[in-house]
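Survey of secondary and tertiary structure
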Amino acid sequence: QQQVKQSPQSLIVQKGGISIINCAYENTAFDYFPWYQQFPGKGPALLIAIRPDVSEKKEGRFTISFNKSAKQFSLHIMDSQPGDSATYFCAASNNNAGNMLTFGGGTRLMVKP
Amino acid sequence: EAQVTQNPRYLITVTGKKLTVTCSQNMNHEYMSWYRQDPGLGLRQIYYSMNVEVTDKGDVPEGYKVSRKEKRNFPLILESPSPNQTSLYFCASSFRSGNTIYFGEGSWLTVV
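Just so you know, these numbers come straight off a predicted model, no measurement behind them. (Residues numbered from 1 in each chain as written. Chains lettered and ligands numbered in written order. Predicted model: local features only at pLDDT ≥ 70, side-chain atom pairs only at ≥ 80, totals over all residues. Heavy atoms only, no water.)

1. So, the overall build of chain A
We count it as follows: Numbering of helices and strands starts at the N terminus; helices are DSSP runs of H or I of at least 4 residues and strands are runs of E of at least 2. The size measure is the radius of gyration over C-alpha atoms, and the globule rule it meets is 2.2 Å times the number of residues to the 0.38 power. The contact criterion used is simple: two residues touch if any of their non-hydrogen atoms lie within 4.5 Å. The Shrake-Rupley method, run with a 1.4 Å probe sphere, supplies the accessible areas, and residue values consider only the shown protein chains as cover.
Counting its regular elements, chain A contains zero helices and eleven strands. When its helices and strands are written in sequence order, chain A yields β-β-β-β-β-β-β-β-β-β-β. In summary, chain A has a C-alpha radius of gyration of 13 Å against a globular reference of 13 Å for 113 residues, a match within 12%. Considering only C-alpha atoms, chain A reaches an extent of 45 × 30 × 20 Å along its principal axes. Long-range pairs, those at least 24 residues apart, make up 53% of the contacts in chain A with a sequence separation of at least 6. Total accessible area computed for chain A in this model is approximately 5,400 Å², and 49% of it derives from carbon and sulfur atoms.

Printed below as a string of structure tokens:
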């Protein structure tokens, strides 16, 4: 049973559009919520992360929205570009549990030119 | 250049033949871990180590062993591989708990 559920599994967006990926978690002890981006043949790389004391974090075109009461967080990619085409993973961890990241199932994003 | 290096990158082996996937990091990180990636399941942690000689089980440790004799190295050992261990494996490291985790480029393992 996955503790972090991610949707959708795949997403197609036109260039310039907004990509939205959602995640929901169960463990209220989670206190760190990163998003990872993975290109084919490469390992995941940290994209952006948030802690539960804030509801939103923005870095360039990437924004995390966090809803603690609903136990949900989402990634928004504004002005999506073909170079954003990759697999995105949300994750969560509890600092007191040895930094063990629990990942969502991943979303394969394709941005069409 | 900061790196997590794992070898081999690609391996096809037969059931029961012991194999080791090596992992090395050059960032003096305390924390290292192994994940496996399977379609629809994301990445699941196999084992992690918070420092030399300190290792602990992750979500899916069955069939795997690890050791941490030196800070920079964290090999993953499959004593008797089985086809259900066919997967993409990632080694990862971070300075300490709560810091950014860096991943290697992955090792594709096929057990026939």
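2. Digging into the side chain of Arg36 of chain B
Residues and elements named next belong to chain B. Keep this limit in mind: Each residue gets one of three labels from its accessible area relative to the maximum for its type: buried under 20%, exposed over 50%, partly exposed in between, using a 1.4 Å probe on protein chains only. Polar contacts, as used here, are pairs of N or O atoms within 3.5 Å; protein pairs need one atom able to donate a hydrogen and one able to accept it. Residues neighboring in sequence count only if both atoms are side-chain atoms.
Within the secondary structure layout, Arg36 lies in strand 4 (residues 31-38). By relative accessible area, which is 9% here, Arg36 ends up buried. Only 3.0 Å separates the side chain of Arg36 from the side chain of Tyr64, close enough to count as a polar contact. Not counting the four nearest positions on each side in its chain, Arg36 is found in contact with Gly42, Leu43, Arg44, Ile46, Val60, Tyr64, Asn84, Gln85, Thr86, Ser87, Leu88 and Tyr89.

3. Concerning the interface of chain B and chain A
The following threshold applies: Accessible surface is computed with a 1.4 Å probe, and the buried area is the amount of it that two parts give up when combined, taken over both parts together. For this analysis, a salt bridge means a side-chain nitrogen from Lys or Arg found within 4 Å of a carboxyl oxygen belonging to Asp or Glu. Ten residues, namely Ala, Val, Leu, Ile, Met, Phe, Trp, Tyr, Cys and Pro, are considered nonpolar, four, namely Asp, Glu, Lys and Arg, are considered charged, and the remaining ones, Gly among them, are considered polar.
Chain B puts 24 residues into the contact, and the matching count from chain A is 19 residues. Where chain B abuts chain A, roughly 1,700 Å² becomes buried across the two surfaces, and 50% of that area is made up of carbon and sulfur atoms. Put simply, chain B and chain A have one salt bridge between them. Across the salt bridge formed by Lys42 of chain A and Glu105 of chain B, the nearest N and O atoms sit 2.9 Å from each other. When residues of the side of chain B that touches chain A are traced back to their parent elements, those giving at least two are strand 4, strand 5 (42-51) and strand 9 (87-94) of chain B. In terms of residue count, the dominant contributor to the side of chain B that touches chain A is strand 5 of chain B (five residues). The residue inventory of the side of chain B that touches chain A, partitioned by class, reads nine nonpolar, eleven polar and four charged.

4. Some words on the environment of Cys23 of chain A
Residues and elements named next belong to chain A. You can see Cys23 is positioned in strand 3 (residues 19-25). Judged by its relative accessible area of 3%, Cys23 falls in the buried class. Sequence separation between Cys23 and Gly105 is 82 residues, and the spatial gap between their C-alpha atoms is 9.6 Å. Apart from residues lying up to four places away in sequence, Cys23 is in contact with Val4, Lys5, Gln6, Trp35, Lys71, Gln72, Phe73 and Cys90.

5. Digging into a nonpolar patch on the surface
Convention followed: Patch criteria: residues need more than 30% relative accessible area and no salt bridge. Like-charged residues are merged within 9 Å; nonpolar side chains of Val, Leu, Ile, Met, Phe, Trp and Tyr are merged within 5 Å.
Together, Ile18, Ile20 and Met78 of chain A make up an exposed nonpolar region whose accessible area comes to about 240 Å². By secondary structure assignment, the location of Ile20 of chain A is in strand 3.

6. As for the pairing of strand 7 (residues 62-67) of chain A
All names here are of chain A. Note the threshold: If DSSP finds at least two bridges between two strands, the strands pair.
Note that strand 6 (residues 56-59) and strand 7 share four bridges and pair antiparallel. Note that in strand 7 the partner of Glu59 across the bridge is Phe62. Connecting strand 6 to the antiparallel partner strand 7 that follows it, the hairpin turn spans two residues, and Gly60 within it adopts a positive phi of roughly 65 degrees. Between strand 7 and strand 8 (residues 72-77), which pair antiparallel and follow one another directly, the connecting turn spans four residues, one of which, Lys71, has a positive phi of 55 degrees.

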